[in-house]
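Structural overview for review
Below are the chains, spelled out letter by letter.
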Amino acid sequence: CAGEENWVDNRTVYIGHKEPPPGAEAYIPQRYPDNRIVSSKYTFWNFVPKNLFEQFRRIANFYFLIIFLVQLIIDTPTSPITSGLPLFFVITVTAIKQGYEDWLRHKADNAINQCPVHIVQHGKVVRKQSRKLRVGDIVLVKEDETFPCDLIFLTSSRDDGTCFVTTASLDGESSHKTYYAVQDTKAFNTEKEVDTLRATIECEQPQPDLYKFVGRINIYQHRDEPIARPLGSENLLLRGATLKNTEYIYAVAIYTGMETKMALNYQSKSQKRSAVEKSMNAFLIVYLCILISKALINTVLKYVWQSDPNRDEPWYNEKTESERQRNLFLRAFTDFLAFMVLFNYIIPVSMYVTVEMQKFLGSYFITWDDEMFDEELGEGALVNTSDLNEELGQVEYVFTDKTGTLTENNMEFIECCVDGHVYIPHAICNGQILQGSSSIDMIDSSPGSGGKDREELFFRALCLCHTVQVKEEESVDGNKKGLQQCGKSSSVYISSSPDEVALVEGMKRLGFTYLRLKDSYMEILNREDEIERQVFELLEVLNFDSVRRRMSVIVRSSKGEHYLFCKGADSSIFPRVLSGKVDQVRARVEHNAVEGLRTLCVAYKVLSLEEYEEVCRMLNSAKLALQDRDKKLAEAYDAIEKDFVLLGATAVEDRLQDKAADTIESLHKAGMKVWVLTGDKMETAAATCYASKLFRRSTQILELTTKRTEEQSLHDVLFDLSKTVLRNHGSLTRDTFSGLSQDFQDYGLIIDGATLSSVMKPAEDSSSGNYKEIFLEICRNCSAVLCCRMAPLQKAQIVKLIKASKEHPITLAIGDACHLFSGIMGKEGRQAARNSDYAIPKFKHLKKMLLVHGHYYYIRIAELVQYFFYKNVCFIFPQFLYQFFCGFSQQPLYDTAYLTLYNISFTSLPILLYSLIEQHVNMDILKRDPSLYRDIAKNSLLRWRIFIYWTFLGVFDAMVFFFGAYFLFDNTTLTSNGQLMTANTHMMFGNWTFGTLVFTVLVFTVTLKLALDTHYWTWINHFVIWGSLLFYVIFSLLWGGIIWPFLNYQRMYYVFMQMLSSGPAWLGIILLITVSLLPDVLKKVICRQLWPTTTEQIQ
């Protein structure tokens, strides 16, 4: 907004940009953003500065930039190219990768912003690009089109002014929801009529909550006084949702572009940093300290050595006057910088690039994995963030959703129970229902004449009490041929909850078919195949909501009686029942819940005319309220839905996904804690958990539920539980592997939403403020936790709570509620998959993703990081030792070309390929034996112990290279043509020969060390490792074999050939390589014999 004065907490929208009639209210057009969506980070102009800024925020890059500038400013031993070139290479590669990703985002944005929309202008429909849409435009949307922005629904092609919408891309629900047009505008049916509408909408400023919206519409007709109507979320069509089962609608735009709820909900991906990157930065800082201390030591020693004037100014190197005059501190400082520059290679700049490449390329292995491809969905896994691959090997907590993640979200009607008689729809023979065998133990097995009516009433209740739509397939010539066949063959039920569809289909199998809703009459095809047309008129629907956990309808029968039918969860219906066979039904419901079926109860009540009118009055007054509308509606519903007669109950089954149990068991064995978060009843959820092996039969179940907290206070329950858990844990430390020792008591915790919110609530008095801590302590010691009756918001809260606990464990949340890590592409919708970092087709693929891919990624990247530090220590430590032999004159040991190319080309490819294809253990073994996953838990391969071992190995190797070469050069003689030759090896004696000898040994040792670590050889490994060595040799021959015109020195000329022409030099090289590799081989052999890890035993 351009300044404070424009900011109001609600906005006025003029429909069709028409001014209200004069004198009604002031016409103030406000300015709103256009309908453009931007998800990209860079534009063409700011890409270079913004990207450079982001890259130099990395420690290593920034550090190299400074070194490069120092080299440009002062006279340093090595040329600026040596650090400038690698830095330039790194920055370019990263920029190209990020630029490409951003370009893809731009492409996607443009496609969205340019798709056509239909707008009503001057009574005609005009096509426009989506980005040109403005607030106040009237939009025409046709079936299966996506809404271009947030709209208020004015009128639809259906007579009752409703439309059906799927919001799969917003909240992941694939079911159809019903939205309602504004009552007074639903008569405007053509674009001309809509264009005559004069109205304004007042509504709140955009906010991200998808389910909340408050506003009102003022319609100006011929009178001056406008009609005011309330607007709620049932009138608001959100951007990203799709119109279904409705030919067309007209609606007016109220929020556009980045102000739509979808855009406000799209959190920009925060850079999640992985544990490995944190270790890397820690190691870098250590090396930085080593580097500074080296430079300091050398600077100090230099001045100590130069304190003798003969050494400071020998006869062949007298100082000029100006040099003598220079300030000592300034001289010392430049020397210090020069040493820093000389040793700066100990910080590996190219490590970052290699890690980036490894992550980027490595993520394709998940996408290409054929075992993670799902035939039904026709898709494989998706990777949206490649920065976190190695975290897959570090997961400690797995949070999963039950519906649609562990289960398939395909409901099937199992049975219903009326007055204690059980009906099972499979046993149907020619229309007669055989009662299930299970009803024999009931008291009277044949329903009497009164029972028959109750039974019919129950079936009718289920046919009437729902919000299912029927989608009828059109026949060839367009008119419906006889409803008879239509009803039997080709109608499809659609509803916002799969349970409802299952119930209506179950009724169809029991002989009552729901046909359609026409002119507010519900049509039913009964058992005698008669269509009951004008029998039941639907008057009111009291919609389902997750707090009430029930829904009702009010119908008027042809005899003029008013019925209220209600169905809902048993906990919300039993307390409201006056009569009916409550005990039999309750017994059956509990029996079904324990078997893991989803149960619903059905009840009814006859309303007299006066009661019915009272009900209408209550509902209408609640519906018109602008403030607290939901609260008032809830109160009205509460007053209406009571004093029921219980009819019966139904049971619906939601099947487990295949291999779900096996997957959960493997995750347990791998030492992960699995939490199931669900909205279901406790008994139902617990049954699913036993079926999916989340709880074993031996598991001791701890309950932290409302039932228990009613008997004793929350405080006591928590302390009891923690006593139980910690009593057994006292003797054992937390690190003992609970899965390996069988006698060890397993705990499972069950907690429900209500108790959870009271645990999470910060206490008023500080004495009981530590519930959270106790709760976390209990959870840490339970191998499995089941949270039932959870609201979606609570699911996210739980994940946050665990993430923020003091160990900061790495969590993996699966399913649609948890927008953290991994989505499963299933029925529940694709939103989760789009917002997640990883998406897998089915729950069973999780096992391979974590136990195999995650394990490999972690092993690879750990080796990559350690090896990089190792090879740079080997590279630069001889340089340090060399200073002691050259009077601390900052003389480089290696040639410029070698300095520059060492990390870029001589040693980079082998490690990159190692980090892409190494498999230290075969895949099948990793899948068969999940406990191997424990070996790498808690970032174990990047512990300080291992890091220090690698560093010392590097220092040892460097000393071998340096002093080995030094002793080869021990004594020298003058040859006949005046050259200095080494006495016993006949090499030309000079510092470049010496340096080249050290460098040759270095390159070979470092590459062969990697070869020793490789367990999984492919032709690629061979090609790269031997190819690198060959490339080094050929490069050296070329570099030293030609006089290069563009160089200002020819110091390497013929050095390499000369070195190779001496036999003992060959022997020396081979000997030195063997000696430097020996300690590592010895350590491996000894450790394997004495203290093998599980992984090594398997190898």
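What this report covers is the structure whose coordinates are included nearby. (Residues numbered from 1 in each chain as written. Predicted model: local features only at pLDDT ≥ 70, side-chain atom pairs only at ≥ 80, totals over all residues. Heavy atoms only, no water.)

Within the protein, the regular secondary structure consists of 37 helices and 37 strands. A total of 1099 residues make up the protein; the buried ones form 52% of that total. At a minimum sequence separation of 6, the contacts of the protein that also span at least 24 residues come to 73%. Taken as a whole, the protein presents about 50,700 Å² of accessible surface, with 58% of it coming from carbon and sulfur. (Helix = DSSP H or I, 4+ residues; strand = E, 2+ residues; numbered from the N terminus. Buried < 20%, exposed > 50% of the residue type's maximum accessible area, 1.4 Å probe, protein only. Contact = heavy atoms within 4.5 Å. Areas by Shrake-Rupley, 256 points an atom, 1.4 Å probe, with all protein chains shown as cover.)

Among the 5 residues of strand β29 (residues 673-677), 4 are classified as buried, and the element is accordingly described as predominantly covered. In terms of strand pairing, strand β15 (residues 397-401) meets β29 through 5 bridges, oriented parallel. Looking at β29, one finds that tyrosine 397 is bridged to lysine 673. Sheet analysis places β29 next to strand β32 (residues 784-788), joined by 4 bridges and oriented parallel. Note that in β32 the partner of leucine 677 across the bridge is cysteine 787. (Pairing = 2+ DSSP bridges.)

Looking at where methionine 790 falls in the secondary structure, it is placed in the loop between β32 and α26 (792-804). For methionine 790, a relative accessible area of 6% translates into the label buried. Taking C-alpha positions, methionine 790 is 4.7 Å from glycine 753, a pair spaced 37 residues apart along the chain. Setting aside its immediate chain neighbours within four residues, methionine 790 contacts Leu677, Thr678, Gly679, Gly753, Leu756, Lys795 and Ile798.

Turning our eyes to something else, we now look at the environment of tyrosine 345. Within the fold, tyrosine 345 resides in the loop between α10 (328-343) and α11 (350-368). Along the primary structure tyrosine 345 and leucine 899 are separated by 554 residues, whereas in three dimensions their C-alpha atoms are 8.3 Å apart. In this view, tyrosine 345 contacts Thr82, Ser83, Asn872, Phe875, Ile876 and Leu899; residues no more than four positions away in its chain are not counted.

Moving on: helix α30 (residues 908-917). For α30, a buried count of 9 out of 10 residues is recorded, marking the element as mostly surrounded by other parts of the structure. Within the span of α30, buried status applies to Ser908, Pro910, Ile911, Leu912, Leu913, Tyr914, Ser915, Leu916 and Ile917. Tucked into the core, α30 has its buried residues touching α11, α28 (845-883), α29 (896-906), α33 (991-1013) and α34 (1019-1041).

Let us now look at the packing of aromatic side chains. All chains considered together, the criterion is met by 58 aromatic pairs. Between the aromatic rings of phenylalanine 44 and tryptophan 45, the centroid separation amounts to 5.1 Å while the plane-to-plane angle is 80°, which identifies the pairing as edge-to-face. Note on tryptophan 45: relative accessible area 73%, which makes it exposed. Each ring, one from phenylalanine 1035 and one from tryptophan 1039, has its centre 5.8 Å from the other, and the planes form 15°; the classification is stacked. (Phe/Tyr/Trp six-rings, centres within 6.5 Å; stacked < 30°, edge-to-face > 60°.)

Across the sheet, 6 strands lie side by side as β3-β2-β4-β13-β5-β11; this open sheet has antiparallel pairing. Edge positions in the sheet fall to β3 (124-129) and β11 (236-237), since each of these pairs with one other strand and no more. Pairing between strand β5 (residues 150-156) and strand β13 (residues 248-255): 6 bridges, direction antiparallel. Residue pairing in the sheet places isoleucine 152 in a bridge with valine 252 of β13.

Relative to the elements of secondary structure, asparagine 51 occurs in helix α1 (residues 47-56). Given a relative accessible area of 1%, asparagine 51 falls into the buried group. A distance of 2.9 Å separates a polar atom in the side chain of asparagine 51 from a polar atom in the side chain of glutamine 98. In this view, asparagine 51 contacts Tyr42, Asn46, Ala95 and Gln98; residues no more than four positions away in its chain are not counted. (Polar contact = N/O pair within 3.5 Å; in protein donor to acceptor, adjacent residues only side chain to side chain.)

Bringing a negative patch on the surface into the picture now. On the surface, a cluster of negative charge is made up of Glu610, Glu611, Glu613 and Asp643. Inspection of the secondary structure puts glutamate 610 in helix α18 (residues 609-624). Judged by relative accessible area, which is 59%, glutamate 610 ranks as exposed. (Patch = residues over 30% accessible without salt bridge, like charges linked within 9 Å, V, L, I, M, F, W, Y side chains within 5 Å. Salt bridge = Lys/Arg side-chain N within 4 Å of Asp/Glu carboxyl O. Lys, Arg positive; Asp, Glu negative; His and termini not counted. Charge placed at Lys NZ, Arg CZ, Asp CG, Glu CD.)

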